[in-house]
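Analysis of the macromolecular model
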Amino acid sequence: MKATLFRGDDLNQETFEAILQLLQAISGMNSFVGIEDLILLPDKRVLAWEDLFDLSQTARVKYAINDESFIFILTEKPNAHNFFGYLDPQHPKNGFVHVGDWERFIHCPKELPVAYHILALMVQHYMVENEKQLAHILHREPIGCVNDFCQNKKEVILKMRTADICPKCMERLVIKLSPPELNHVFELLESLRIKMLFSQNMRQHIEPSPLELTTDFKILIPAYGNLEIRMKPLEKTLYILFMNHPEGIMLSDLIDHKQELYAIYQNISSHGSLLEMRHSIDDLCNYTSNSTSEKLSKIKGHFERALGKELAKHYYVQGARGERKGIAFNCII
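The structure reproduced in this document is the subject of the present report. Please read all numbers here as calculations on a predicted model, not as lab measurements.

Below, the discussion takes up the pairing of strand 1 (residues 2-8). With 6 of its 7 residues buried, strand 1 lies for the most part within the structure. In the sheet, strand 1 pairs with strand 2 (residues 31-39) via 7 bridges, with the strands oriented parallel. Paired with T4 across the strands is V33, a residue of strand 2. Bridge analysis of strand 1 against strand 3 (residues 69-75) gives 6 bridges, and the strand direction is parallel. Paired with F6 across the strands is I73, a residue of strand 3.

Okay, structure coming up:
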């Protein structure tokens, strides 16, 4: 399955990127991409479904998105039927998901239920041949399945805590989706479930789990469904340096590790010339530059968005001013 996400002009970029990062956190058969250009929404307090569906189809044509890919417009504005999201009956891979008001129903960052419902709408599409069939297979009484209708929106808590697909719904899916596609869906759903529970402090006493640095330089947490902590190349270069030095490093001493940083960065990055790469590393090692502090702050943000603040503190680089900085947890497999 493929999905292309668009940001309504009422949605901030940070939330949009956080949603996309959640869906891209685990590599697999299904792919998710985001388009930077904004979708200009009608100047209405409540959006009609027809308007959202028309905008989806217009975006498909404008950006030449093939028929195999789903399109989702993400918007803070409420919709006429007050649904979490829906697909267009006329163009059943065009749809929208509502990003607003989640704080009324569930206590967690809103990007988690939004990412969940993007996945739910995608798998629902493959359970039926048309919209009329969907009305017959939705669970009116919640059972903890992605197909729970949730007429009372607070019932969404149950299906997000289970992150499951019931046996009857699975029977429909296995006909349409391959085992690798389904396995990837389950891995993503499980990662969203874990993140939601951590954000609610329901699993704050669970011990942190080791990281794995793969041969192609992916940073994974195997215990959480091979959750990938995604970073930009220079951020990842800096983090791997600290992984290689569990004793910690003084930021003023980064210049002593310049050659190691060069080597890591050349293996990770495929963009820019060798001269540009060296300039980036030189700036990183310049103690008077803000480059290192900025990268460490972004690394912290990546872990917090992926794991929640409580668990993340075991993984990101930290240390008192003027002292060695390092990773608190000996977290490397």
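A few words now on the packing of helix 9 (residues 258-268) against helix 10 (residues 274-285). Axis separation between helix 9 and helix 10 bottoms out at 10 Å; the angle between their running directions is 135 degrees. Considering their axes alone, helix 9 and helix 10 lie oblique with respect to each other. As helix 9 runs across helix 10, the sense of the crossing is right-handed. Only L274, M277, R278, S280, I281, D282, L284 and C285 of helix 10 make contact with helix 9, whose side of the interface consists of K258, L261, Y262, Y265 and Q266.

This paragraph deals with the state of the cysteines. Per the counting criterion, the structure on display carries 0 disulfides. C166 takes part in no disulfide bond, and the closest cysteine sulfur to it belongs to C169, at a distance of 3.5 Å. Judged by relative accessible area, C166 falls into the buried class, the value being 11%. Of the residues examined, C169 reaches a relative accessible area of 0% and is grouped as buried.

Reading guide: rules and limits
Residues numbered from 1 in each chain as written. Predicted model: local features only at pLDDT ≥ 70, side-chain atom pairs only at ≥ 80, totals over all residues. Heavy atoms only, no water. Buried < 20%, exposed > 50% of the residue type's maximum accessible area, 1.4 Å probe, protein only. Helix = DSSP H or I, 4+ residues; strand = E, 2+ residues; numbered from the N terminus. Pairing = 2+ DSSP bridges. Axes fitted to C-alpha atoms, helices over the stretch in contact; angles between N-to-C directions. Parallel < 35°, antiparallel > 145°, perpendicular 65-115°, else oblique. Left-handed = near helix turned anticlockwise from the far one by under 90°. Contact = heavy atoms within 4.5 Å. Disulfide = S-S within 2.5 Å.

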